[in-house]
Amino acid sequence: MGFTCGIVGLPNVGKSTLFNAITAAGANVANYPFCTIDPNIGIVSVPDERIDRLAEIYKSPKIVPTTLEFLDIAGLVKGASKGEGLGNQFLSHIRMVDAIVHVVRCFDDPNIIHVDGTVNPQYDIEIVETELILKDLETVEKKQADIEKRGGVGDKKLKEEEEFYAAVKKHLLIGRLAKYLTSKSDDEQLYLRNMHLLTNKPIMYVCNVHEKELTIDNAYVNQVREVAAKENAKVVVVSAAVEAEISQLPESDRQAFLSELGLQESGLSKVIREGYDLLHLITFFTAGPKEVHAWTVRKGTTAPPAAGEIHSDFEQGFIRAEIMKCADLNRLGSETAVRDAGLLHVEGRDYIIEDGDVMTVRFNI
């Protein structure tokens, strides 16, 4: 199961520098707008100490972590929805992602060009959101035109659908994001989902600050937090330049470097972890002497489809799941000890997978 976060923002806010540090994919970075044209793609492991502990317990030579995919999407500018700055091309890339990581410049530097001449996080956020809204309006209007082609609003079902699109359009026209629409029926949720609206995607704001301001919230970061509080969105503070430097260090030297800066973990670890949480994902594991494997599912997933992530045959022939908890294995030190303590549970088709479950699937084809 693949999940993708699109990194967006105005030109020259540090998106590509951040992306390089996250994925070490070598994205082109330059101090001028539109140095990124096609989206760079990188796959990154989600930090999780539990998988290393499981490998130690099972003496597994192979570890397969869970991952997220990041797309570095070129900078948006005012007028992007109408094609300014190659905007339509970039907006189509955003439509592909599951969630949006919106990088916002929160530092002053006269040597780095700002596309509008001055740093103003709230205004920068509004520019990007306005372009997403305008693009969504185009999508809704196409749906309304399609209703007319299918026979107008004489048909009751079509009339309900058309009324929903009209309500969405009205909502967008007052500058509200689609994800804040209320009172959606099952049919309306389906209509909304099928439109793949850009403003219906979950958003995380990443404040790119100077390294000297990593441990404090400057005035720019506070602006972003005010916006995020209204939208119930996540905020992560990073220094893209520092993260790029960390990514070049040997693994053994990174923690000492972070400690010198007064940090316990890298900003990138926060971005990856929060992106995972933003998509409402959890991790379960399969473990044995040959391999420890982390698997990704959405919260609320039951055992059979979770088993299907391991192999489609497991879902089709699912009989039961034997479940242990990572915390119990970590505390007791072995599968045998967990079994002897009566902490291995046999679960059926209705069992909802929990974060940290270690699952063995029993199946029959």
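Residues numbered from 1 in each chain as written. Predicted model: local features only at pLDDT ≥ 70, side-chain atom pairs only at ≥ 80, totals over all residues. Heavy atoms only, no water.

On to the environment of Arg95. Relative to the assigned elements, Arg95 resides in the loop between helix H3 (87-94) and strand S5 (99-105). Taking relative accessible area as the criterion, Arg95 reaches 26% and is therefore assigned partly exposed. If we ignore the near neighbours within four places in the chain, the residues touching Arg95 are Lys135, Thr139, Met195, His196, Leu197, Leu198 and Lys201. (Helix = DSSP H or I, 4+ residues; strand = E, 2+ residues; numbered from the N terminus. Buried < 20%, exposed > 50% of the residue type's maximum accessible area, 1.4 Å probe, protein only. Contact = heavy atoms within 4.5 Å.)

Another aspect to go through is the environment of Ile323. Along the polypeptide, Ile323 turns up in strand S10 (residues 318-325). Residues Ile323 and Ala303, 20 residues apart in the sequence, show an inter-C-alpha distance of 10.0 Å. If near-sequence neighbours (up to four positions away) are discounted, Ile323 is found in contact with Leu343, Leu344, His345, Glu347, Tyr351, Asp357, Val358 and Met359.

Turning to the packing of aromatic side chains, a few remarks are in order. Within this structure, the stated rule accounts for 4 aromatic pairs. For the pair Phe314 and Phe363, a centre-to-centre distance of 4.4 Å together with 40° between the ring planes defines the contact as tilted. You can see Phe314 sitting in helix H12 (residues 312-316) and its partner Phe363 sitting in strand S12 (residues 357-363), a full 49 residues away along the chain. Aromatic rings pair up to connect Phe164, Tyr165 and Tyr191 into one cluster. (Phe/Tyr/Trp six-rings, centres within 6.5 Å; stacked < 30°, edge-to-face > 60°.)

The buried fraction of strand S6 (residues 203-208) is high, at 6 of 6 residues. Of the two faces of S6, the one lined by Ile203, Tyr205 and Cys207 and the one lined by Met204, Val206 and Asn208 are each fully buried. Pairing geometry for S5 and S6, over 6 bridges, is parallel. Its bridge partner being in S6, Arg105 is matched across the sheet by Asn208. (Pairing = 2+ DSSP bridges.)

At their nearest, the axes of helix H8 (residues 240-247) and helix H9 (residues 251-260) sit 10 Å apart, and the two run at 150° to each other. Here H8 is positioned roughly antiparallel relative to H9, judged by the angle of their axes. Every residue of H9 that contacts H8 at Val242, Glu245, Ile246 and Ser247 is listed here: Arg254, Phe257 and Leu258. Class assignment of the residues belonging to the contact of H8 with H9 gives a composition of 4 nonpolar, 1 polar and 2 charged. (Axes fitted to C-alpha atoms, helices over the stretch in contact; angles between N-to-C directions. Parallel < 35°, antiparallel > 145°, perpendicular 65-115°, else oblique. Nonpolar A, V, L, I, M, F, W, Y, C, P; charged D, E, K, R; others polar.)

This part covers unusual backbone geometry. In the Ramachandran plot, Lys59 falls in the positive-phi region, its phi being about 55° despite a non-glycine side chain. Relative to the assigned elements, Lys59 resides in the loop between helix H2 (49-58) and strand S3 (62-64). The exposed category is assigned to Lys59, whose relative accessible area is 69%. If you check the backbone angles, His280 has positive phi at about 60° while not being a glycine. Topologically, His280 is positioned in the loop between helix H10 (267-278) and strand S8 (281-287).

Turning our eyes to something else, we now look at the nonpolar core. Nonpolar side chains in soluble globular proteins tend to end up buried together. One finds Ile22, Leu68, Phe70 and Tyr205 to be the most contacted residues of the largest nonpolar core, which totals 75 residues. Those residues within four positions of Ile22 in sequence are excluded, and the remaining contacts are Ile7, Val44, Phe70, Leu268, Val271 and Ile272. (Core = buried A, V, L, I, M, F, W, Y, C linked by side-chain atoms within 4.5 Å.)

So, on to the environment of Lys170. Within the secondary structure, Lys170 sits in helix H5 (residues 156-173). The sequence separation of Lys170 and Leu137 amounts to 33 residues, and the corresponding C-alpha distance is 9.4 Å.

Attention shifts here to the sheet that holds S6. Strand order in this open sheet of 6 strands is S2-S4-S1-S5-S6-S7, and the pairing throughout is mixed. Looking along the sheet, the strands with just one partner apiece sit at the ends: strand S2 (40-45) and strand S7 (234-238). Strand after strand, the sheet turns through a mean of 25° between neighbouring axes, direction not considered. Of the pairings in the sheet, the one linking strand S1 (residues 4-8) to strand S4 (residues 67-72) comprises 4 bridges and is parallel in character. By the bridge assignment, Gly6 is partnered in S4 with Leu71. The strands touched by H10 within the sheet are S2, S4, S5, S6 and S7, with S7 carrying the most contacts at an inclination of about 165°.

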